[in-house]
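# Structural overview
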Protein chains: 2
Amino acid sequence: MKAVYLEKLGVPDNIIVGDLPIPQLTPNSVLIKVSAVAANYVDAFIRAGIYKTPLPSPYILGRDAIGQIVQTGERVKKFQVGNWVWTNSMGYDGRQGVCAEYAVIPEERLFLAPTLEIDPLALVGAVHSSATAAIVLSDIMQLKANQSILIEGAAGHVGTKLVQLAHLLGAHVVTTSRDGDFNQLRQLGANACFDYHDPQLFQQLKTYLPQGFHHIIDTSGQVTLQQNSELLALKGTLTLITRPKDSAFDAAQFYMKSQQIKGFVISQATLPQLQRAGKWLTQAFNQGLLLEENLAIYQFEQAQTVHQLLDTRAEARKMVLVP
Amino acid sequence: MKAVYLEKLGVPDNIIVGDLPIPQLTPNSVLIKVSAVAANYVDAFIRAGIYKTPLPSPYILGRDAIGQIVQTGERVKKFQVGNWVWTNSMGYDGRQGVCAEYAVIPEERLFLAPTLEIDPLALVGAVHSSATAAIVLSDIMQLKANQSILIEGAAGHVGTKLVQLAHLLGAHVVTTSRDGDFNQLRQLGANACFDYHDPQLFQQLKTYLPQGFHHIIDTSGQVTLQQNSELLALKGTLTLITRPKDSAFDAAQFYMKSQQIKGFVISQATLPQLQRAGKWLTQAFNQGLLLEENLAIYQFEQAQTVHQLLDTRAEARKMVLVP
């Protein structure tokens, strides 16, 4: 079968598009015919050897896939041949990746794709950022209805998912973005939008909610830890999913306000967290939410180009690879 | 009655030892004859106006007291005249303090003192640090049996309480202190003791537990945030109850390891947290644990001296005031 794989980690030129055997089914797994694979920044970190994780050799790239089941293992109960399914936790931590014509996926890492007419590419392009947002909101922040949340860089891939899911949870959602994105963010569920180029932004957010936000998350890496700590309420939680602009902060003020900083990266998510998120996302996808409309679609043969674009961050759209 | 009070915040010289009316009982409160009052650093911060909190005027100093009930409000159910009781949450957040011959305490902020022969001064001297340790371990860290905890500056007032309570919870307790304190800390429950003057301390702790600690707390303020972050396990929690030596840290490593920093100060504890801690401490006191043996005892008339010693940190023993 056609596969996109590595024999050694390193630069995008190391990526091979060639022929590998169809993988062997196991009793608790299914074999899927892959329709599309998402390209994530973390895929490039794994390829480069920056994110260190156990990998098989040769290592097939790719963490997120959507496809159709063509064979099921003897102990598989929840799925049958013909089902459309997705996964978002392959290709790291010892598991083989999915960027190939066929892939074997453990039943526990598989979710049914919606039965409505939903574009499978828009779905697979959404699962990485959506699962990150879902686990952050429910497990890391434990966001409650009527709590306030400030989402910085809200028009990005993770930001738009955070806005939609936080709104579903009944939170008061405040966003920062370019002002050109305000309308979209309001449609997705933002209660108030602020321009992150406004030099008065910090003062405006202070004035908007003088007691501070219960939760803050910066998806942009453009805000200092100190500034977010000052915008945080007493006992508020700041969640880090990317490196802040500057990580110096006033730790004395922080502990005297009983605040918290919680780091999260989806590669460290537990299987139960991924499973709960997967169920929630399947519901949201069924309602037409979260789907990634603005895609850049590439063939498997263009995988080196896709990884160059990941490395240089030269493509703002979500990239998806098809066989 | 004799009372130690302020008419305006500021230097220790502002402290007046004089005559005030016995406070008025309310239906849900009891009137106690005060036996002893603990002196905490936070009392000095309140006196100086550094820790800002609503206060009555005149403001009677003191947060922790032990005494005997002489009168109960009509709705009080759990206590009766003659009971020995303690409290540790008066004198801030709008509540009058306890450094007087008599004090009115709401029933909900009162705990029975052990019936065994326990020195009331050793108890009142222990409640501030013990409640801090109890809430940190159970509510902030949510420390579990068999988890590892590194307690830095473990021979201090809070440190010794953390060691005893973490040991009671079944944790693997590792401490840093002067080597002269190792024997005492082992008796209190430490599984391993390290000398904090050892220039190889960091490397020794790394070698002792290469996968890192589930929990770290620095009671000394002598360790950098970065060093503790490096000693922390994947998904580990660092709790701040004092300002770290240096608060710069590698936030990228931090979030990629899904670590957390949680600040805590007991003045922000909720009433349910204080109540749960109070029950736990009463049990521990009954077992003869936590009690503060090494006290410096002063008369109410010496309150200015006590506050000068708090300001200059010139007295390492716990100070207790008696009428």
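Please read these numbers as outputs of a predicted model, since none were measured by experiment.

Residues and elements named next belong to chain A. For the pair helix H3 (residues 127–140) and helix H9 (residues 271–286), the least separation of the axes is 9 Å and the interaxial angle reads 115 degrees. Relative to H9, the element H3 is oriented roughly perpendicular. By crossing handedness, the relation of H3 to H9 is classed as right-handed. Touching Val 127, Ser 130, Ala 131, Ala 134, Ile 135, Ser 138 and Asp 139 of H3 are Gln 273, Leu 274, Arg 276, Ala 277, Trp 280, Leu 281 and Phe 285, all from H9. Split by residue class, the contact of H3 with H9 holds nine nonpolar, three polar and two charged.

Residues and elements named next belong to chain A. Its location among the elements puts Asp 181 in the loop between strand E10 (172–177) and helix H5 (182–188). On the accessibility criterion, Asp 181 (15% relative accessible area) is buried. Expressed as a C-alpha distance, the spacing of Asp 181 and Pro 27, which sit 154 residues apart in the sequence, is 48 Å.

Strand order across the open sheet formed by 12 strands is E11(A)-E10(A)-E9(A)-E12(A)-E13(A)-E14(A)-E14(B)-E13(B)-E12(B)-E9(B)-E10(B)-E11(B), with mixed pairing between neighbours. Each edge of the open sheet is held by one strand with a lone partner, namely strand E11 (192–195) of chain A together with strand E11 (192–195) of chain B. Within this sheet the neighbouring strands show an average axis-to-axis angle of 15 degrees, counted without direction. With four bridges connecting them, E10(A) and E11(A) associate as parallel partners. Directly across from Val174(A), in E11(A), lies its bridge partner Ala192(A).

Turning our eyes to something else, we now look at helix H9 (residues 271–286) of chain B. The α-helix winds at 3.6 residues per turn, so residues separated by three or four positions along the chain end up facing the same way. Residues and elements named next belong to chain B. For H9, built from 16 residues, the straight-helix expectation of 22 Å at 1.5 Å per residue is met to within 8% by its first-to-last C-alpha distance of 22 Å. For H9, every residue scored as buried is listed here: Gln 273, Leu 274, Ala 277, Gly 278, Trp 280, Leu 281, Thr 282, Ala 284 and Phe 285. Along its buried surface, H9 packs onto strand E6 (84–87), strand E8 (111–112), helix H2 (120–124), helix H3 (127–140) and helix H4 (157–168). Once H9 finishes, Gly 288 follows within two positions and takes phi at roughly 80 degrees, a positive value.

Our focus in this paragraph is helix H10 (residues 303–312) of chain A. Residues and elements named next belong to chain A. Those residues of H10 that sit buried are Ala 303, Val 306, His 307, Leu 309 and Leu 310. For H10, the arc enclosing every buried residue in end-on projection is 155 degrees, short of the 170-degree limit, so these residues lie on one face. Of the surrounding elements, those touching the buried residues of H10 are strand E1 (2–6), strand E3 (29–39), helix H1 (41–48), strand E15 (295–299) and strand E16 (318–322). Arg 313 sits one or two positions beyond H10 and adopts a positive phi of about 55 degrees.

On to the pairing of strand E10 (residues 172–177) of chain B, then. Residues and elements named next belong to chain B. Burial runs high along E10: five of the six residues are buried. For the crossover that starts at strand E9 (residues 148–152), traverses H4 and ends in the parallel E10, the hand is right-handed. Tracing the backbone out of E10, into helix H5 (residues 182–188) and back to the parallel element E11 gives a crossover that is right-handed.

Here the focus is the environment of Glu292(B). Residue and element names in this part refer to chain B. Structurally, Glu 292 can be placed in the loop between H9 and strand E15 (295–299). Ignoring anything within four residues of it in the chain, the contact list for Glu 292 reads Ala 122, Gly 125, Ala 126, Ser 129, His 157, Lys 161 and Lys 318. A distance of 2.6 Å separates polar atoms of two side chains, one belonging to Glu 292 and the other to Lys 161.

Glancing now at the nonpolar core. Among the nonpolar cores identified, the biggest contains 94 residues, and Trp86(A), Leu123(A), Ile149(A) and Phe285(A) are the most heavily contacted of them. When residues of this core are assigned to their parent elements, the largest contribution, eight residues, is made by H3(A). Residue assignment places this core across two domains, with domain 1 (2–119 + 292–321) and domain 2 (128–266) of chain A each supplying three or more. Counting residues in hydrophobic clusters, the runner-up holds 92 residues, among them Val4(B), Leu110(B), Ala133(B) and Met319(B).

Let us look at the relation of the copies chain A and chain B. Between the two copies, chain A and chain B, the superposition gives an RMSD of 0.0 Å; the rotation angle is 180 degrees and the shift along the axis is 0.0 Å. The relationship between the two copies is best expressed as a two-fold rotation axis. When the interface residues of chain A are mapped onto chain B, 100% of them again lie at the interface, so the same face is used by both copies.

Quick look at the packing of aromatic side chains now. Residues and elements named next belong to chain B. In the structure shown here, the tally under the stated rule is nine aromatic pairs over all chains. A ring pair is formed by Trp 86 and Phe 285, whose centres lie 5.8 Å apart and whose planes are at 80 degrees; its orientation type is edge-to-face. Pair noted here: Trp 86 is in strand E6 and Phe 285 is in helix H9, with a separation of 199 residues, a long-range link. Each member of the pair, Trp 86 as well as Phe 285, is classed as buried. Ring centres of Phe 194 and Tyr 208 lie 5.4 Å apart, and the angle between their planes is 75 degrees; on these two criteria the pair is classed as edge-to-face. Residue Phe 194 is located in strand E11, and its partner Tyr 208 is located in helix H6 (residues 201–208); the two are separated by 14 residues in the primary sequence. Judged by its relative accessible area of 11%, Phe 194 falls in the buried class. Tyr 208 gets classed as partly exposed once you look at its relative accessible area, which sits at 30%.

The next point concerns the domain arrangement of chain A. Residue and element names in this part refer to chain A. Taken domain by domain, chain A consists of domain 1 (2–119 + 292–321) and domain 2 (128–266). Computed over C-alpha atoms, the centres of domain 1 and domain 2 are 30 Å apart. Each partner contributes to the interface: domain 1 provides 10 residues, whereas domain 2 provides six residues. For the pair domain 1 and domain 2, the summed buried surface comes to about 570 Å²; carbon and sulfur atoms form 43% of the total. Our enumeration of links across domain 1 and domain 2 arrives at one salt bridge. Class assignment for the residues of the side of domain 1 that touches domain 2 results in three nonpolar, two polar and five charged.

Looking now at the pattern of salt bridges. Applying the stated criterion across every chain yields a total of 12 salt bridges over all chains. We note a salt bridge from Arg178(A) to Asp181(A), for which the minimum N-O separation is 3.5 Å. Classification of Arg178(A) as partly exposed rests on a relative accessible area of 42%. The shortest N-O distance in the salt bridge between Arg47(B) and Asp311(B) comes to 2.7 Å.

Okay, a nonpolar patch on the surface next. On the surface, Tyr41(A), Phe45(A) and Ile50(A) cluster together to form a nonpolar patch covering roughly 280 Å² of accessible area. The topology assignment puts Tyr41(A) in helix H1.

With that out of the way, let us pick up the side chain of Ser267(B). Residue and element names in this part refer to chain B. With respect to the element layout, Ser 267 can be found in the loop between strand E14 (260–263) and H9. A polar contact is formed between the side chain of Ser 267 and the side chain of Arg 63, at a distance of 3.1 Å. Once you skip the residues sitting within four places of it in the chain, Ser 267 turns out to touch Val 42, Tyr 51, Arg 63 and Tyr 92.

Reading the values: rules and limits
- Residues numbered from 1 in each chain as written.
- Chains lettered and ligands numbered in written order.
- Predicted model: local features only at pLDDT ≥ 70, side-chain atom pairs only at ≥ 80, totals over all residues.
- Heavy atoms only, no water.
- Axes fitted to C-alpha atoms, helices over the stretch in contact; angles between N-to-C directions.
- Helix = DSSP H or I, 4+ residues; strand = E, 2+ residues; numbered from the N terminus.
- Parallel < 35°, antiparallel > 145°, perpendicular 65-115°, else oblique.
- Left-handed = near helix turned anticlockwise from the far one by under 90°.
- Contact = heavy atoms within 4.5 Å.
- Nonpolar A, V, L, I, M, F, W, Y, C, P; charged D, E, K, R; others polar.
- Buried < 20%, exposed > 50% of the residue type's maximum accessible area, 1.4 Å probe, protein only.
- Pairing = 2+ DSSP bridges.
- Expected span 1.5 Å × (residues − 1).
- Arc of directions from axis to C-beta.
- Right-handed = clockwise from strand over helix to strand, strands pointing away.
- Polar contact = N/O pair within 3.5 Å; in protein donor to acceptor, adjacent residues only side chain to side chain.
- Core = buried A, V, L, I, M, F, W, Y, C linked by side-chain atoms within 4.5 Å.
- Domains from an automatic or database assignment.
- Least-squares fit on C-alpha atoms with pLDDT ≥ 70 in both.
- Phe/Tyr/Trp six-rings, centres within 6.5 Å; stacked < 30°, edge-to-face > 60°.
- Buried area = accessible area lost by both parts, 1.4 Å probe.
- Salt bridge = Lys/Arg side-chain N within 4 Å of Asp/Glu carboxyl O.
- Patch = residues over 30% accessible without salt bridge, like charges linked within 9 Å, V, L, I, M, F, W, Y side chains within 5 Å.
- Areas by Shrake-Rupley, 256 points an atom, 1.4 Å probe, with all protein chains shown as cover.

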